[in-house]
Every structure is written in structure tokens, then in C-alpha cells.
Amino acid sequence: MALPLLEKAANAGDPQAPFYLGIMYDEGSGVIKDQKKSFEWFEKATKNGNTDAFFVIGSRYLYGSGVEKDYKAALKWYKRSVEEGKKDDKTTYFMIGSMYYNGLGTLKDTSEAAKWYEKAAEKGDAFSQAMLAMQYYSGQGILTNMERARYWAEKSAEQDYDAGQMMMGILSQYGTPEPDMKAAIDWYEKAARQGNPIAQFLLARSYENGNGVPKDLEKAHAYYKQAAGGMKSDDLAREFMEFEARQKRQK
């Protein structure tokens, strides 16, 4: 019953009606689910002045949902969302930062990524906080600053975010003149329990070498295996195979 009324309002220029129609076709609510029609209605919503649709259109272009994937268009719509729509939306800031960090729709620019991650981090986005901690630690796109790295890692870890916990471990082990291996291991274990493959790898190496924990090759093997399986990474898979090769040579 709502469909013809919404269509009439949408075609008359109402900014909300096409947005609701986009949701209906996206979810298959009262209509046959159709991502292409959903995209078309969201696009009409933007033309009718609905700024909430800017972010949605950006995400559709990013993931190729109902339209051909177009990273450049995605970035354009995310920026419009910030400039004309949701000016303080942490998710939009994070998405723009990630596109600059990964070079999607633009040249890779870790310095520009850091600016957007900081906007999102200040709004409480745990992922962006962890990314900023990593960038301040490594000097990637910004000047190295261990105090700022720890500040943002703590903010992320406080939200029980695994990447923030992993960064706290790295900072405890490598980001201070006097490493605190007990704290590092505690943080790695918290992150590893949530499936963080980097933390699992660092734990594996610690157990293999007896660094901060008693040497335990069974635990080392288990963590290497988890790390290799938890992330599609050739580097982590190679580390696992090299560990197994070292153990065979020692037998």
C-alpha cells in the first residue's frame, strides 16, 4: 500500500520518499529485492536533496552493489557526505581514511589517511584509533611519536578492540627504552583471543624463543598455525612453514 504513495511523492521531488524506496528494494520489504532498483532510488534521493543518501551511494560504488564498482565515485560521494551531509560522522571519516590509506579511487596517501583517521578517532572509532597508533609508531605518513601512538592505542584498547590491544603489546615491547614483556604478552593474548593474526604471530615467536614466557614449542606451533589461518597473508603462511621446517631440522 505504501509503494504507490512513496513513488508518487518521490517523483514529485520529495527527498525522503526515494530514500525509503531504496531501503524497501534493498531489504525486499513489500517488493521483490532488487539491488539495481534500490541504487536507482537512492540516487534519486540524492538528486532530491537527501544528504543521508550520499553515504549510501558511496558505499554502493565501493562494493559494487546494484551498480558497477567505482572507487573514484565512492570517494567522491563519501566526501560529499562529509561536506554537505553528515559533517561529524565517524564512519564516513574512517571510510575516506581507509581509501586514502589503501589507494582506492585515489593515489595512496598515508599522510592524508592519517588526517581522516584522526577525525574518526576523535569521534571514538576504535579502528581509526588503532590505525593512528600504528602510524605514529611507524612514522607512516606522520612523524613518529610514541606518546601519541600510546594515547591512541589505549583509546582503542579501552573499547576492547583487538588491533588496539595488539598495538599496546607492540608499544610495550618495542616502543619504550625498557621493554615490558609481561605487559606485551598480556596485550597480545587479549588480541589473540579475538582472532588478531598479528598478535597470534607475535605470541608464537615469543613462545618459540622464550621471550617473556617460558619456551613452549607446542604453543608456538598452535599460534603460528592460528596466525597463518586467520589472515590470507603469504608472509604469515611462510612464517608457519619456516617454523615447521626449523622443528624438523632440530629433530
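Rules and cut-offs
Residues numbered from 1 in each chain as written. Predicted model: local features only at pLDDT ≥ 70, side-chain atom pairs only at ≥ 80, totals over all residues. Heavy atoms only, no water. Phe/Tyr/Trp six-rings, centres within 6.5 Å; stacked < 30°, edge-to-face > 60°. Helix = DSSP H or I, 4+ residues; strand = E, 2+ residues; numbered from the N terminus. Buried < 20%, exposed > 50% of the residue type's maximum accessible area, 1.4 Å probe, protein only. Salt bridge = Lys/Arg side-chain N within 4 Å of Asp/Glu carboxyl O. Polar contact = N/O pair within 3.5 Å; in protein donor to acceptor, adjacent residues only side chain to side chain. Contact = heavy atoms within 4.5 Å. Axes fitted to C-alpha atoms, helices over the stretch in contact; angles between N-to-C directions. Left-handed = near helix turned anticlockwise from the far one by under 90°. Nonpolar A, V, L, I, M, F, W, Y, C, P; charged D, E, K, R; others polar.

Asker: How should I be thinking about the packing of aromatic side chains in this particular structure?
Answerer: A ring pair, where both rings are aromatic, is described by two values, the distance of the centres and the angle of the planes. Under the criterion given, the structure shown has 13 aromatic pairs. Note on Y93 and W116: the rings are 5.9 Å apart at their centroids and 40° apart in plane angle, and the pair reads as tilted. Linking Y93 in helix α6 (residues 90-102) with W116 in helix α7 (residues 110-122), this pair joins segments that are 23 residues apart in sequence. Neither Y93 nor W116 differs from the other in exposure class; each is buried. Between the aromatic rings of F127 and Y161, the centroid separation amounts to 6.3 Å while the plane-to-plane angle is 70°, which identifies the pairing as edge-to-face. With F127 in helix α8 (residues 126-138) and Y161 in the loop between α9 (146-158) and α10 (162-174), this pair connects stretches of sequence that are 34 residues apart. Here F127 falls in the partly exposed class, since its relative accessible area comes to 29%.

Asker: What exactly am I supposed to notice about the pattern of salt bridges here?
Answerer: Summed over the entire model, instances satisfying the criterion amount to 6 salt bridges. Put simply, R60 and D26 hold a salt bridge, and the shortest N to O gap is 3.1 Å. Of this pair, R60 sits in helix α4 (residues 52-63) while D26 sits in helix α2 (residues 17-27); the two residues are 34 residues apart in sequence, bridging distant segments of the chain. Judged by its relative accessible area of 8%, R60 is buried. Residues K115 and E112 are paired through a salt bridge, measuring 3.6 Å at the closest nitrogen-oxygen approach. Of this pair, K115 and E112 are both found in helix α7, 3 residues apart, which corresponds to roughly one turn of the helix.

Asker: Teacher, can you tell me more about the environment of K190 here?
Answerer: The residue K190 is located in helix α11 (residues 181-193) in this model. K190 sits 53 residues away from F243 along the chain, and the two C-alpha atoms are 23 Å apart.

Asker: Before we go on, may I ask you to explain the side chain of N50 in this structure?
Answerer: Along the chain, N50 falls in the loop between α3 (35-47) and α4. Within the structure, the side chain of N50 is placed 2.9 Å from the backbone nitrogen of D52, a separation counted as a polar contact.

Asker: How should the side chain of T110 be read in this particular structure?
Answerer: Its place among the elements puts T110 in helix α7. Note on T110: relative accessible area 17%, which makes it buried. Discounting residues that sit within four places of it in the chain, T110 has contacts with Y101, Q135, Q140 and G141.

Asker: Please explain α2 as it appears in this structure.
Answerer: The set of residues buried in α2 consists of A17, P18, F19, L21, G22, M24 and Y25. Close packing links the buried residues of α2 with α1 (2-11), α3 and α4. Backbone geometry just downstream of α2 places G28 in the positive-phi region, at approximately 70°.

Asker: Before we go on, may I ask you to explain the environment of R60 in this structure?
Answerer: A C-alpha to C-alpha distance of 15 Å links R60 and K33, two positions 27 residues apart in sequence. Apart from the residues lying within four places of it in its own chain, the contact partners of R60 are D26, Q35, S38, F39, F42, S65 and V67. One polar contact links R60 to Q35, side chain to side chain, over a distance of 3.4 Å. Of the polar contacts made by the side chain of R60, one reaches the side chain of S38; its length is 2.8 Å.

Asker: Honestly, unusual backbone geometry in this entry has me stumped. Any pointers?
Answerer: Negative phi characterises most residues that are not glycine, and trans characterises most peptide bonds. Despite not being glycine, D160 has its phi angle at roughly 60°, a positive value. Along the polypeptide, D160 turns up in the loop between α9 and α10. Looking at D160, the relative accessible area reads 47%, which means it is partly exposed.

Asker: Where do I start with the packing of α9 against α10 in this structure?
Answerer: Helix packing geometry: the angle between the two helix axes and the distance between the axes. Where α9 contacts α10, the axes come no closer than 8 Å and their chain directions differ by 145°. Note on packing geometry: the crossing formed by α9 with α10 is left-handed. Where α9 approaches α10, its residues M146, A149, R150, A153, E154, S156 and A157 are matched on the opposing element by G164, Q165, M167, M168, L171 and S172. Taken together, the residues of the contact of α9 with α10 break down into 7 nonpolar, 4 polar and 2 charged.

On their own, these measurements won't tell you what the molecule is for.
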